[in-house]
Amino acid sequence: MKVVIVGGGAGGLELATYLGDKLGKKPDHEIVLIDRNSTHLWKPLLHEVAAGSLDAEIDSVSFRAHAHAHHFQFKMGCFSGVDRNKKVIHLAPVLDPEGEEILPQRDEPYDHLVMAIGSSSNDFGVPGVREHCKFLDSTQQAVKFHDRLVNQFIRLNRKLIDDPSACLHVAIVGGGATGVELTAELFNSRNLFSMYGLHRIKDKNLKVTLLEAGPRLVPALSEKVSAAVLKDLSALGADICLNTQVAKAEPHVFITADESRIEADMLLWAAGIKVPDFMAEIEGIETNRINQVIVNKHLQSTNDEYIYAIGDCAGFPLDEKRWVPPRAQSAHQMALLVGKNLVRITKEKPLVEFHYSDKGSLISLSEFSTVGVLMGNLVRGDTFNVRGKIARIAYISLYRMHQIALHGWIRATLMMVSDKINHILKPRLKLH
Ligand SMILES: Cc1cc2nc3c(=O)[nH]c(=O)nc-3n(C[C@H](O)[C@H](O)[C@H](O)COP(=O)(O)OP(=O)(O)OC[C@H]3O[C@@H](n4cnc5c(N)ncnc54)[C@H](O)[C@@H]3O)c2cc1C
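Cut-offs and rules
Residues numbered from 1 in each chain as written. Predicted model: local features only at pLDDT ≥ 70, side-chain atom pairs only at ≥ 80, totals over all residues. Heavy atoms only, no water. Salt bridge = Lys/Arg side-chain N within 4 Å of Asp/Glu carboxyl O. Helix = DSSP H or I, 4+ residues; strand = E, 2+ residues; numbered from the N terminus. Buried < 20%, exposed > 50% of the residue type's maximum accessible area, 1.4 Å probe, protein only. Near = heavy atom within 4 Å. Polar contact = N/O pair within 3.5 Å; in protein donor to acceptor, adjacent residues only side chain to side chain. Areas by Shrake-Rupley, 256 points an atom, 1.4 Å probe, with all protein chains shown as cover. 1 Å grid on protein atoms, 1.4 Å probe; cavity = no way out; pocket = protein on both sides within 12 Å on 5 of 7 lines; lining within 4 Å. Points joined across faces, edges and corners; volume = space filled by probe spheres on them. Nonpolar A, V, L, I, M, F, W, Y, C, P; charged D, E, K, R; others polar. Pairing = 2+ DSSP bridges. Axes fitted to C-alpha atoms, helices over the stretch in contact; angles between N-to-C directions. Contact = heavy atoms within 4.5 Å. Phe/Tyr/Trp six-rings, centres within 6.5 Å; stacked < 30°, edge-to-face > 60°. Lys NZ or Arg CZ within 6 Å of the ring centre and 35° of its normal. Disulfide = S-S within 2.5 Å. Domains from an automatic or database assignment. Buried area = accessible area lost by both parts, 1.4 Å probe.

Draft legend 1. Layout of the pattern of salt bridges. Evaluated as defined, the whole model comprises 13 salt bridges. Across the pair Lys75 and Glu108 runs a salt bridge whose closest N-O atoms are separated by 3.1 Å. Residue Lys75 is located in strand 5 (residues 73-76), and its partner Glu108 is located in strand 10 (residues 106-109); the two are separated by 33 residues in the primary sequence. The class of Glu108 is buried, set by a relative accessible area of 6%. A salt bridge links Arg190 to Asp203, with the shortest nitrogen-to-oxygen separation between them at 3.6 Å. On the criterion of sequence distance, the pair formed by Arg190 in helix 7 (residues 177-195) and Asp203 in the loop between helix 7 and strand 14 (206-211) is long-range, its members being 13 residues apart. Assessed through its relative accessible area of 54%, Asp203 is described here as exposed. Each of Lys248, Glu250, Arg261 and Glu263 takes part in salt bridges that share partners, so that together they form one network.

Draft legend 2. Up close: the site of the ligand. Within the structure, the ligand sits among 30 residues, and Gly11, Asp35, Phe79, Asp312 and Ala328 are positioned closest to it. Arg36 is positioned with one of its backbone polar atoms (N or O) 3.3 Å from a nitrogen atom of the ligand. The backbone of Phe79 places a nitrogen or oxygen atom 2.9 Å from a nitrogen atom of the ligand. Coverage of the ligand by the protein chains reaches 90% of its 1000 Å² of free accessible surface. Those elements that provide at least two residues to the shell around the ligand are strand 6 (78-83) and helix 9 (328-346). Broken down by element, the residue count for the shell around the ligand peaks at three residues, all from helix 9.

Draft legend 3. Spatial organisation of empty space enclosed by the protein. Enumeration according to the criterion identifies one cavity of 30 Å³ or more in this entry. Approximately 30 Å³ is the volume found for the largest cavity. Within the lining of the largest cavity, the residues separate by chemical class into eight nonpolar, no polar and no charged.

Draft legend 4. Highlighting the sheet that holds strand 14. Strand order in the open sheet formed by four strands is 15-14-13-19, with parallel pairing between adjacent strands. Looking at strand neighbours, the two that pair on one side only are strand 15 (239-241) and strand 19 (266-269), the edges of this open sheet. Pairs of neighbouring strands in the sheet enclose a mean axial angle of 15 degrees, with direction left out of account. Relative to strand 19, strand 13 (residues 168-173) is paired through four bridges, and the arrangement is parallel. What sits directly across from Val173, in strand 19, is Trp269. On top of the sheet, helix 7 reaches strand 13, strand 14 and strand 19; it is set at about 180 degrees to strand 14, its chief contact.

Draft legend 5. Representation of the packing of aromatic side chains within the structure. One pass over the structure, following the stated rule, counts six aromatic pairs. Both rings, one in Phe153 and one in Phe193, keep their centres 4.9 Å apart while their planes meet at 35 degrees; by these two values the pair is tilted. Pair noted here: Phe153 is in helix 6 (residues 139-162) and Phe193 is in helix 7, with a separation of 40 residues, a long-range link. Pair check on accessibility: Phe153 and Phe193 agree, each one buried. Here Phe254 and Trp269 contribute two aromatic rings whose centre-to-centre distance is 6.3 Å and whose plane-to-plane angle is 55 degrees, an arrangement assigned as tilted. With Phe254 in strand 17 (residues 253-256) and Trp269 in strand 19, the pair connects residues that are 15 residues apart, well separated along the chain. Judged by its relative accessible area of 0%, Phe254 falls in the buried class. A cation sits over an aromatic face here: Arg130 above Phe135, 4.4 Å from the ring centre.

Draft legend 6. Geometry of the sheet that holds strand 7 (residues 88-92). Reading across the sheet, the three strands line up as 6-7-10 and stay open at both edges, with antiparallel pairing between neighbours. Single-partner strands in this sheet number two, and they are strand 6 and strand 10. Taking the axes of each pair of neighbouring strands and ignoring which way they run, one obtains an average angle of 30 degrees across the sheet. As defined by bridge partners, strand 6 adjoins strand 7 across five bridges and the pair is classed as antiparallel. Bridge pairing in strand 7 places Cys78 opposite Ala92.

Draft legend 7. Region of interest: the environment of Gln105. Note that Gln105 resides in the loop between strand 9 (101-103) and strand 10. Put simply, Gln105 and Asp147 are 42 residues apart on the chain and 32 Å apart in space, counted from C-alpha to C-alpha.

Draft legend 8. Structural view of the state of the cysteines. The full count for this structure, using the stated rule, is zero disulfides. The thiol of Cys78 is not disulfide-bonded; the next cysteine sulfur, from Cys313, is found 14 Å away. There is no disulfide at Cys241, and the cysteine sulfur nearest it, in Cys167, is 14 Å away.

Draft legend 9. Local environment of the domain arrangement of the chain. Taken as a whole, the chain is organised into domain 1 (2-119 + 275-346), domain 2 (129-269) and domain 3 (360-425). With 17 residues of domain 1 at the interface, the matching set in domain 3 holds 10 residues. Buried surface at the junction of domain 1 and domain 3, both sides included, amounts to about 1200 Å², of which 55% is carbon and sulfur. If you look at where domain 1 meets domain 3, you find zero salt bridges. In this assembly, domain 1 and domain 3 are joined by six residue pairs in polar contact (both at pLDDT 80 or more). When residues of the side of domain 1 that touches domain 3 are traced back to their parent elements, those giving at least two are helix 1 (12-23), helix 2 (46-51) and helix 3 (56-59). Counting residues per element, the side of domain 1 that touches domain 3 draws most heavily on helix 1, which supplies three residues. Of the residues in the side of domain 1 that touches domain 3, the class split is seven nonpolar, six polar and four charged.

Structure (structure tokens):
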């Protein structure tokens, strides 16, 4: 049996690891992971990379080394389509940054295909957004944002000699988890840059405007959590504009539906998600409004039992109105279910059904605070609003659980110790 997994993110890499460990050494079984990049970084860390509180180089996992340790194959490639009749996927050529071809266009046959390509920001067709805004959809984008942020802070420190009221202004669209977490991280970066030599920069020299179309921040969470996030971000000095619809982006300016202009040095777009359009173009595959593959209770495409989808690119209906949310915990649970079912197929056992279990959601406001809700199996009872240390531990444990799924308890514990040592030895911010 040959399983091809496309996308080595929160869900895909956990699945490849699980299947590699279970089936990779057995004869007649082949597990292949395909990703357009050569390393994996857990996506919920991207806002920390963007702000510089995390170094992507240190926390990235090399697909090749991980594949070797867990008995699966890694092939670099960018999925561009599938021929369902021939059961092959098409991979676009891989080019280096100079545009020179590294790998040609190829086909990869499969018996079972698992789509785990994640999602990217949804610009909702707002004019100018693609051209003038930064996004946090990939490690490369987060690193680029960070490089620019470093230069902006250096520039600002110089400018403050002549103009003590100079200010770096970052405008962010989207009051979901990415927008609010990045806002808090930026204030932390300002404090640390000021500490690490850019002494002229004071609190008033960073302005962050967060624009949200809805009536509250983090709308997926309870009103109580939204209110706590609003209060904490306002206390940091963020300018929060609720019920503010952005109608257009131009160089260094957002224009709202009521024609207000928000001018800023850096524009970031983090409003909603969407799966790439090519997913909806695969013939005979049922997709929803945001191009997610609609899946059945076994996470197979409703039209093709040999194609599975997990994580952000899977549309699993919870009821008539709601879908499983695009979160790391959903990707983790889906990867585990598909892994178990593919092993069951090799043993000719019936497939088990997917049941989403919401463990809660947490928002980390950098060093300042962590707020959220915990529910289900993590604590007794139904729903708990949490804050402070307990919330912080629960938030960090999400990443630790991902590391355990990839590396096992022993290596994950060693990584935790190594992180603690790095925390002592290295600067608290990536300064270059
Ligand atoms: C800044 C930020 C903060 C977040 N914070 C949280 C949080 O606190 N808690 C939470 O639960 N969730 C959070 N999320 C959401 C979470 O990261 C996603 O739900 C989760 O990563 C989805 O996992 P996935 O496996 O579906 O996709 P991803 O983790 O996005 O992985 C997709 C993989 O597919 C690869 N790929 C994409 N296209 C192709 C292609 N055409 N060919 C080959 N490979 C391809 C990519 O390189 C990537 O490796 C956050 C997201 C962001 C951006």
